[in-house]
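Summary of the model geometry
Letter by letter, the chains look like this.
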Amino acid sequence: MADAEHIIWHQTTVTKTDRERRSEHGGAVVWFTGLSGSGKSTLANRVEHELFKRGIHTYLLDGDNIRTGLNSDLGFSAADRKENIRRISEVAGLFVDSNAIVLTAFISPFQADREAARQRVADDEFFEIYVKCPLEVCEKRDPKGLYKKALAGQITAFTGITSPYEEPPAPDLIIDTSEQSLEEGTQNVIDLLEKNRVIGNK
Ligand SMILES: Nc1ncnc2c1ncn2[C@@H]1O[C@H](COP(=O)(O)OS(=O)(=O)O)[C@@H](OP(=O)(O)O)[C@H]1O
Ligand SMILES: Nc1ncnc2c1ncn2[C@@H]1O[C@H](COP(=O)(O)OP(=O)(O)O)[C@@H](O)[C@H]1O
């Protein structure tokens, strides 16, 4: 652990404000949370594609991908999930500083960790999207065959089966993917960003 007392923040010459002035849009974190198979990656990819088509500077951080690199040392214990989300929150904060719209697709099962992620950026820069989907529907979709393995006891601490998921008490948006189409869900996220002037009429 670094000796924090001897670390002194270096103010960069080019600031966040400089980057904002040059851009047609603001920076923000669009944080998708939900069970495995709820549709986080599918939605985040579709939203990113929509934003990208509009010339917006975006980046997508996805659970499985980040866990093969930056967080390849972490597993699925509560402590590792917490550290996973802490690092992602930091990375997301850096992207916002660069004035990008960063989309994150992590189960992020614990409310305290999601709240800490929100605190990492300004109030108007964080949008929590609860990708809601009944567990039975996720189990039926089972896009990666993981529920089958978890139910057979081949994966320990699997979210929704043997590890908890805390529903967000006050998300900025709820998308129920068992009832809403992908197009509808995508449009709702875009509308949220427009309404909050992150995109469109900054
Ligand atoms: N035990 C266990 N529990 C939950 N998920 C598991 C587990 N083991 C592997 N996987 C796969 O890892 C993906 C979840 O990683 P995350 O980084 O999003 O998880 S977390 O936020 O730290 O809880 C998750 O991806 P998604 O299905 O996209 O959610 C799974 O593919
Ligand atoms: N309305 C919807 N929105 C998003 N995904 C949906 C929807 N309806 C069905 N799906 C399907 O559900 C699955 C969700 O998988 P994925 O996006 O990988 O979920 P997660 O990232 O939450 O694990 C995909 O196969 C997707 O095609």
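Described below are features of the structure shown in this document. As the structure is a computational prediction, the values presented were derived from the model and not from experiment.

A count of helices and strands for the chain gives eight helices and five strands. Along the chain direction, N to C, the helices and strands of the chain fall in the order α-β-α-β-α-α-β-α-β-α-α-β-α. Here the C-alpha atoms of the chain give a radius of gyration of 18 Å, agreeing with the 17 Å that 2.2 N^0.38 yields for 202 residues. A principal-axis box enclosing the C-alpha atoms of the chain has dimensions of 55 × 45 × 30 Å. The long-range fraction of contacts in the chain, counting pairs at least 24 apart against all pairs at least 6 apart in sequence, stands at 75%. Accessible surface for the chain amounts to roughly 11300 Å². Of this, 53% is attributable to carbon and sulfur atoms.

Turning to the environment of Gly185, a few remarks are in order. Here Gly185 shows up in helix α8 (residues 182–195). Residue classification places Gly185 among the buried positions, given a relative accessible area of 0%. Through-space distance from the C-alpha of Gly185 to that of Ala44 is 10.0 Å; in sequence the pair is 141 residues apart. In contact with Gly185, not counting residues within four places along its chain, are Leu43 and Ile175.

What surrounds ligand 1 is a group of 20 residues, the closest being Ser36, Arg67, Arg81, Asn84 and Ser108. Within the contact set of ligand 1, a nitrogen atom lies 2.8 Å away from a backbone nitrogen or oxygen of Ala157. Surface burial for ligand 1 is 93%, taken as the share of its 630 Å² of free accessible area covered by protein chains. Here the shell around ligand 1 is built from residues that sort into nine nonpolar, six polar and five charged.

The full count for this structure, using the stated rule, is 15 salt bridges. With a shortest N-O distance of 2.5 Å, Glu125 and Lys16 are connected by a salt bridge. Residue Glu125 is found in the loop between α5 (111–119) and β4 (126–132), and its partner Lys16 is found in helix α1 (residues 16–22); the two are separated by 109 residues along the sequence. Relative accessible area serves as the criterion here: at 9%, Glu125 is assigned to the buried category. Across the salt bridge formed by Asp97 and Arg19, the nearest N and O atoms sit 3.3 Å from each other. With Asp97 in helix α4 (residues 78–97) and Arg19 in helix α1, this pair connects stretches of sequence that are 78 residues apart.

Cut-offs applied
Residues numbered from 1 in each chain as written. Chains lettered and ligands numbered in written order. Predicted model: local features only at pLDDT ≥ 70, side-chain atom pairs only at ≥ 80, totals over all residues. Heavy atoms only, no water. Helix = DSSP H or I, 4+ residues; strand = E, 2+ residues; numbered from the N terminus. Rg over C-alpha atoms; globule rule 2.2 N^0.38 Å. Contact = heavy atoms within 4.5 Å. Areas by Shrake-Rupley, 256 points an atom, 1.4 Å probe, with all protein chains shown as cover. Buried < 20%, exposed > 50% of the residue type's maximum accessible area, 1.4 Å probe, protein only. Near = heavy atom within 4 Å. Polar contact = N/O pair within 3.5 Å; in protein donor to acceptor, adjacent residues only side chain to side chain. Nonpolar A, V, L, I, M, F, W, Y, C, P; charged D, E, K, R; others polar. Salt bridge = Lys/Arg side-chain N within 4 Å of Asp/Glu carboxyl O.

This is a description of form; function is not addressed.
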